[in-house]
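Single-letter residue listing:
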Amino acid sequence: MTIVLTPVWSNGMQKLKVISSAPIPKPPRGLVPPGLDEPVHSMRCLAQLRSKDKDIEKYIYLSQLKDAEHRMFYKLCLENMAEFTPLIYTPTVGDACLQFSHIYRRPEGLYVSLKDKGNIGKVIRNWPRIDEARIAVVTDGSRILGLGDLGLNGMPISIGKLSLYVAGAGIRPTSTVPICLDLGTNTKKFLEDPLYLGLRQPRPPKEVMDEFMEEFMGEMAAIFPKLLIQFEDFSTDKAFAYLAAFRNRYPVFNDDIQGTGAVVLSGFLNAAKLSSEASGRPLTDHRILFFGAGSAGVGVAQQLTSFFKLQGMSEEEARDHIWLVDSQGLIFDGRGPMAEHKKYFSRSDYTGPPMTDLTDIIEYVKPTALLGLSTLKNAFNQSVVETMAALNPRPIIFPLSNPVRLSECEFDQAVEWSGGEVIFASGSPFPEQEYDGRMLYPGQGNNMYVFPGLGLGAILARVSSVTDSMVEASSLGLANSLTDDERAVDLIYPRIERIREISAQIACSVIRAAQKAGVDRSTDLRALSDAQLLEFVKGSMWIP
């Protein structure tokens, strides 16, 4: 018999632990029906799922299946990725968050309350699988998707995201830690809801929150020395502040800022090539207009400066190709005081009166690409799309707000108003459209393309921090993953069914970037060839 000893960490000490690779034995005869057969049971589970007529009911069923038979859940997820992804994450997870206190069934994840301040370490140590923990998704529920401050009801975001890490990159389920920081909520309807599961108090002042986060992150690093932390759906000001405060001290990244930016950069790289082929203009001529200047909007804008720098531009030249619009219109220096995170992209070359109408702004800027992260439904109306189409043979239009009901426009509208020429990607899924005898396919700029591979690479390399170069590597890895067949039908993102293959490639790119930056602690991986590294990554993936 071969015994495999795997290094694990326990209370800061590395030890060797026997890890069984044997399959889980079947229950003794008599404890399950004699005719239970896994292939048939897979069909049974899918039939039960598809019998539900509401997506929230499907979400509840899948949550129960994951709890009862997690291998079956992930097996079906991998086999039906396009069907499962919208159910376990966006857009359905938005409804699950809104209803969380009403559909709650059983405990899942770790809840750290403001009342635990001063004793956070004791709470964290109650987690039953400390030695196995490798990745945590942490939210405070203060800005869930485009739905606002949901308080503790934000926990499904952390749970759903980690389900996608498992499905998309093969991260072992027992190594995931969903965390919700319960710091109260400023949403009155939750405070008055008798079923609300969180603290019934407003959110604390900034100084209290900062102290809480310092204690939380310090305890997390001490208790989970091999843990990667992803921040998710913090309000805009806190998202930027905590990323800046912790990114150089701990292995942490913010998916709203960095992950969204990476996946949009990847799609834009491919969209820009298609647009330039149609117009005959060089890639350096692209001009990008952002509608929405919150954490996601500014984070994506920061990432898209990399597109222009890849074309040989300086940082300053790259910034000059990007314009931002917020609720008050075009962002420019002469407009007056503005939030700190908006200042970098504020225009100094516009000195006219405030400009608030989006069509007027498009006619002034003449962008080749319009990106929406505003959560304002129908913001990209017929006038907006037709103006973009008049300026560009193939306009790039990315309405990226989630969920579907907050998307700036829908695919069928963009196709009709652009005469079938739009290059489109959205945050949530839309169906394909037939136009003028052609089948047109929408892209979905879903962070799921990037964060599983980014996370897997960071975990395997045991990084001390997540660098900008690692995030950019994940984006370029995704952009280069299109097959010839996918390019032939003008796809700008690969088909989601290939997610494991894509995540493995991205993980390799991320590991190499970490090595180049000197933040990798698994230094033995440096000696591997690219082919050997890819085999190592694939071999590290958990298979249900």
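Residues numbered from 1 in each chain as written. Predicted model: local features only at pLDDT ≥ 70, side-chain atom pairs only at ≥ 80, totals over all residues. Heavy atoms only, no water.

Draft legend 1. Region of the structure containing the overall build of the protein chain. When helices and strands are tallied, the protein chain shows 22 helices and 16 strands. Taking 544 residues into account, the globule formula puts the C-alpha radius of gyration at 24 Å, and the protein chain, at 23 Å, falls close to it. In terms of principal-axis extent, the alpha carbons of the protein chain reach across some 75 × 55 × 55 Å. In the protein chain, buried positions account for 57% of the 544 residues. For the protein chain, the computed accessible surface area is about 23,000 Å², with 52% contributed by carbon and sulfur atoms. (Helix = DSSP H or I, 4+ residues; strand = E, 2+ residues; numbered from the N terminus. Rg over C-alpha atoms; globule rule 2.2 N^0.38 Å. Buried < 20%, exposed > 50% of the residue type's maximum accessible area, 1.4 Å probe, protein only. Areas by Shrake-Rupley, 256 points an atom, 1.4 Å probe, with all protein chains shown as cover.)

Draft legend 2. Main features of empty space enclosed by the protein. Per the stated rule, a full pass over the model turns up 2 cavities of 30 Å³ or more. Considering the residues around the largest cavity, the lining is formed by Ser 275, Ser 276, Ser 279, Arg 281, Pro 282, Asp 285, His 286, Thr 368, Asn 392, Pro 393 and Arg 394. For the lining of the largest cavity, the residue count by class is 2 nonpolar, 6 polar and 3 charged. (1 Å grid on protein atoms, 1.4 Å probe; cavity = no way out; pocket = protein on both sides within 12 Å on 5 of 7 lines; lining within 4 Å. Points joined across faces, edges and corners; volume = space filled by probe spheres on them. Nonpolar A, V, L, I, M, F, W, Y, C, P; charged D, E, K, R; others polar.)

Draft legend 3. Geometry of the sheet that holds strand 3 (residues 110-113). Overall, parallel pairing links the 5 strands, which are arranged 3-5-4-6-7 in an open sheet. Looking at strand neighbours, the two that pair on one side only are strand 3 and strand 7 (252-254), the edges of this open sheet. Mean inter-strand twist for the sheet, computed between neighbouring axes without regard to direction, equals 25°. Contacting strand 3, strand 4 (135-139), strand 5 (176-182), strand 6 (228-231) and strand 7, helix 8 (residues 155-169) runs over the sheet at an angle of about 165° to strand 5. (Pairing = 2+ DSSP bridges. Axes fitted to C-alpha atoms, helices over the stretch in contact; angles between N-to-C directions. Contact = heavy atoms within 4.5 Å.)

Draft legend 4. Structural detail: the side chain of Lys 66. Relative to the helices and strands, Lys 66 is located in helix 2 (residues 55-68). In this structure, Lys 66 is in contact with Phe 73, Tyr 74, Glu 108, Ile 159 and Ser 163, ignoring residues within four places of it in sequence.

Draft legend 5. Spotlight on the packing of helix 8 against helix 18 (residues 451-461). Here helix 8 crosses helix 18 at 80°, and the two axes come no closer than 9 Å. Taken as axis vectors, helix 8 and helix 18 run roughly perpendicular relative to one another. On helix 18, the residues touching Lys 161, Leu 164, Tyr 165, Gly 168 and Ala 169 of helix 8 are Phe 451, Pro 452, Gly 453, Gly 455 and Leu 456. Of the residues contributing to the contact of helix 8 with helix 18, the split by class is 6 nonpolar, 3 polar and 1 charged. (Parallel < 35°, antiparallel > 145°, perpendicular 65-115°, else oblique.)

Draft legend 6. Looking closely at the side chain of Arg 134. You can see Arg 134 is positioned in the loop between helix 7 (120-124) and strand 4. Of the side chains with opposite charge, Asp 131 lies nearest to the buried Arg 134, which makes no salt bridge, at 7.4 Å. A distance of 3.1 Å separates the side chain of Arg 134 from the backbone oxygen of Asp 131, its partner in a polar contact. (Lys, Arg positive; Asp, Glu negative; His and termini not counted. Salt bridge = Lys/Arg side-chain N within 4 Å of Asp/Glu carboxyl O. Polar contact = N/O pair within 3.5 Å; in protein donor to acceptor, adjacent residues only side chain to side chain.)

Draft legend 7. Main features of the pairing of strand 6. Residues Leu 228 and Gln 230 point to one face of strand 6 and Ile 229 and Phe 231 to the other, with burial holding for every one of them. Note that strand 4 and strand 6 share 4 bridges and pair parallel. Opposite Val 138, over in strand 6, you have Phe 231 as the bridge partner. Sheet analysis places strand 6 next to strand 7, joined by 3 bridges and oriented parallel. When the sheet's bridge partners are listed, Phe 231 is paired in strand 7 with Asn 254.

Draft legend 8. Expanded view of the packing of aromatic side chains. Applying the stated criterion across every chain yields a total of 19 aromatic pairs. Judged by centre distance (5.0 Å) and plane angle (80°), the ring pair of Phe 307 and Phe 308 falls under edge-to-face. Here Phe 307 falls in the buried class, since its relative accessible area comes to 1%. The class for Phe 308 is buried, based on a relative accessible area of 0%. Ring plane angle 65° and centroid distance 5.2 Å describe the contact between Tyr 350 and Tyr 364, whose orientation is recorded as edge-to-face. Highlighted residues: Tyr 350 in the loop between strand 10 (329-330) and helix 15 (358-365) and Tyr 364 in helix 15, separated in sequence by 14 residues. (Phe/Tyr/Trp six-rings, centres within 6.5 Å; stacked < 30°, edge-to-face > 60°.)

Draft legend 9. The sheet that holds strand 8 (residues 288-291), seen in detail. Taken together, the 7 strands give an open sheet; going across it, the order is 10-9-8-11-12-13-16, and neighbouring strands pair in mixed fashion. Only two strands of the sheet have a single partner each, and these edge strands are strand 10 and strand 16 (443-444). In the sheet, strand 8 pairs with strand 11 (residues 369-372) via 4 bridges, with the strands oriented parallel. When the bridges of strand 11 are listed, Ile 288 appears paired with Ala 369.

Keep in mind these values describe shape, not function.
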